[in-house]
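# Remarks on the overall topology
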Amino acid sequence: PVLESKIGYKAPIRRRFQTWLYRHALPAYLGGIGALVALICFFAAAFASASGSSLAQIVFCVLLLLIPASASAIDVSNWLVIKLLPPRVLPKLDLRKGIPKQFSTLVVLPAMLNDQPELQSLLHHMEELYLANSDPHLHYALLTDFRDAPQKELPGDADLISLARDGVYQLNLKYRQKGYRPFFLFHRERLWNPGEDCWMGWERKRGKLVELNNLLRGDGKTSFIVQVGDLKILPSIRYVITLDADTGLPRDAAHNLIGALAHP
């Protein structure tokens, strides 16, 4: 804006409109949805009134239309956003030659530890992620809870933990190089939740990520009772990439994501 002012540049109307939308994105988006809903409801009320409906019938008609009108307005608004605002490429650092140590990153898979086949699937998925995005400063972790239970521990819990420990150990043994061990396991104990009336991982997925952040910031008071891996590197972790158990990370996508995060 300063440069445009200095040289007396007059942007085309479409460009000025796009700039205004970028600067007022949330009010414009929500306001547009609200205006479309109001317009649909107004025409419905006008039609009902012209048809001789009573006030109560008109109000009922408008209330009946609120949900479908909202859904339609969101679809129209999303379509308009795509048409009016072209995608923008985020500036990134070029990390194709490697991730610097100051941008060390942990890729985490929050998941429930239910049975042995599911555990093997998680370990296999974590290995695939590593093979597609390998770097000495890129690490991978399973972030697990047990399923909700009426008691703190269930039969078979200890066996699953043992298998998970061994699985992560074997992966580190397979891919370690010059002291680099890329894989971790962080497993939380169940805590009593009076609202849910059961023993469960605190706040489920959100809680796992909150406690992981606390752990990375040096807080030793978390419910992670199992921590497997090269724990001394945790203070150097700068970024966390969170994936679902069924979400992939295409080849070198981690480098692109970290490059965008690290750009000043």
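Here's a quick rundown of the structure. (Residues numbered from 1 in each chain as written. Predicted model: local features only at pLDDT ≥ 70, side-chain atom pairs only at ≥ 80, totals over all residues. Heavy atoms only, no water.)

Under the defined criterion, the tally for this structure stands at 13 salt bridges. Among the salt bridges present, the one from E4 reaches R15, with a minimum N-O distance of 3.4 Å. On the criterion of sequence distance, the pair formed by E4 in helix α1 (residues 2-6) and R15 in helix α2 (residues 13-23) is long-range, its members being eleven residues apart. One salt bridge in this structure joins D230 and R181, with 3.6 Å as the shortest N-O distance. Of this pair, D230 sits in the loop between β6 (224-228) and β7 (239-242) while R181 sits in the loop between α6 (157-175) and β3 (183-188), and the two are 49 residues apart along the sequence. With relative accessibility at 8%, the residue D230 sits in the buried group. (Salt bridge = Lys/Arg side-chain N within 4 Å of Asp/Glu carboxyl O. Helix = DSSP H or I, 4+ residues; strand = E, 2+ residues; numbered from the N terminus. Buried < 20%, exposed > 50% of the residue type's maximum accessible area, 1.4 Å probe, protein only.)

The strand order across the open sheet formed by five strands is β6-β3-β2-β1-β7, and the pairing between neighbours is mixed. Strands at the two margins of the open sheet, each flanked by one partner only, are β6 and β7. Taking the axes of each pair of neighbouring strands and ignoring which way they run, one obtains an average angle of 25° across the sheet. Pairing of strand β1 (residues 105-113) with strand β2 (residues 138-146) involves nine bridges; the strand directions are parallel. For P110, the partnering residue across the bridge sits in β2 and is L143. Sheet strands touched by α6: β1, β2, β3 and β6. Its angle to β3, the strand with the most contacts, is close to 165°. Here helix α8 (residues 253-262) sits on the sheet and contacts β1, β2 and β7; the angle it forms with β7, its principal contact strand, is near 135°. (Pairing = 2+ DSSP bridges. Axes fitted to C-alpha atoms, helices over the stretch in contact; angles between N-to-C directions. Contact = heavy atoms within 4.5 Å.)

Looking now at the packing of helix α3 (residues 25-50) against helix α4 (residues 55-84). Where α3 contacts α4, the two axes come as close as 7 Å, and the packing angle between them is 140°. Regarding the angle of α3 to α4, the classification is oblique. For the pair α3 and α4, the sense of crossing is right-handed. Classifying every residue of the contact of α3 with α4 gives 19 nonpolar, five polar and no charged. (Parallel < 35°, antiparallel > 145°, perpendicular 65-115°, else oblique. Left-handed = near helix turned anticlockwise from the far one by under 90°. Nonpolar A, V, L, I, M, F, W, Y, C, P; charged D, E, K, R; others polar.)

What follows deals with a nonpolar patch on the surface. On the surface, L55, V59, L63, L66 and I67 cluster together to form a nonpolar patch covering roughly 520 Å² of accessible area. Among the residues examined, L55 registers a relative accessible area of 67% and is labelled exposed. (Patch = residues over 30% accessible without salt bridge, like charges linked within 9 Å, V, L, I, M, F, W, Y side chains within 5 Å. Areas by Shrake-Rupley, 256 points an atom, 1.4 Å probe, with all protein chains shown as cover.)

The tally for this structure, following the rule as stated, stands at ten aromatic pairs. One aromatic cluster is present, formed by Y130, Y140, Y175 and F183 through successive ring pairs. In this structure, R88 is placed above the aromatic ring of Y22, and the distance from its NZ or CZ to the ring centre is 3.9 Å. (Phe/Tyr/Trp six-rings, centres within 6.5 Å; stacked < 30°, edge-to-face > 60°. Lys NZ or Arg CZ within 6 Å of the ring centre and 35° of its normal.)

On to the environment of H255. Tracing the chain through its elements places H255 in helix α8. Look at H255 and you get buried, because its relative accessible area is 8%. As for H255 and L63, which are separated by 192 residues in sequence, their C-alpha atoms are 49 Å apart. Contact partners of H255, with chain neighbours within four places excluded, come to L95, I99, N133, S134 and D135.

Taking burial as the measure, the nine residues of β2 include nine buried ones, the bulk of the element. In this region the chain leaves β1, passes through helix α5 (residues 116-132) and returns to the parallel neighbour β2; the handedness of that crossover is right-handed. In terms of strand pairing, β2 meets β3 through five bridges, oriented parallel. Note that in β3 the partner of Y140 across the bridge is F183. What joins β2 to β3 is α6, and the crossover it makes is right-handed. (Right-handed = clockwise from strand over helix to strand, strands pointing away.)

A few words on the layout of surface pockets. What the largest pocket holds in volume is close to 370 Å³. Lining the largest pocket are 14 residues, with L21, A28, Y29, S77 and V81 positioned closest to its centre. At the level of secondary structure, the elements contributing two or more residues to the lining of the largest pocket comprise α2, α3 and α4. Top element by residues in the lining of the largest pocket is α3. It accounts for five residues. For the lining of the largest pocket, the residue count by class is twelve nonpolar, two polar and no charged. Each pocket or cavity is described by its volume, and for the second largest pocket that value is around 220 Å³. In terms of lining, the second largest pocket is formed by P1, E4, Y9, K10, A11, R15, R16, T19 and R23. Looking at side-chain class alone, the lining of the second largest pocket contains three nonpolar, one polar and five charged residues. (1 Å grid on protein atoms, 1.4 Å probe; cavity = no way out; pocket = protein on both sides within 12 Å on 5 of 7 lines; lining within 4 Å. Points joined across faces, edges and corners; volume = space filled by probe spheres on them.)

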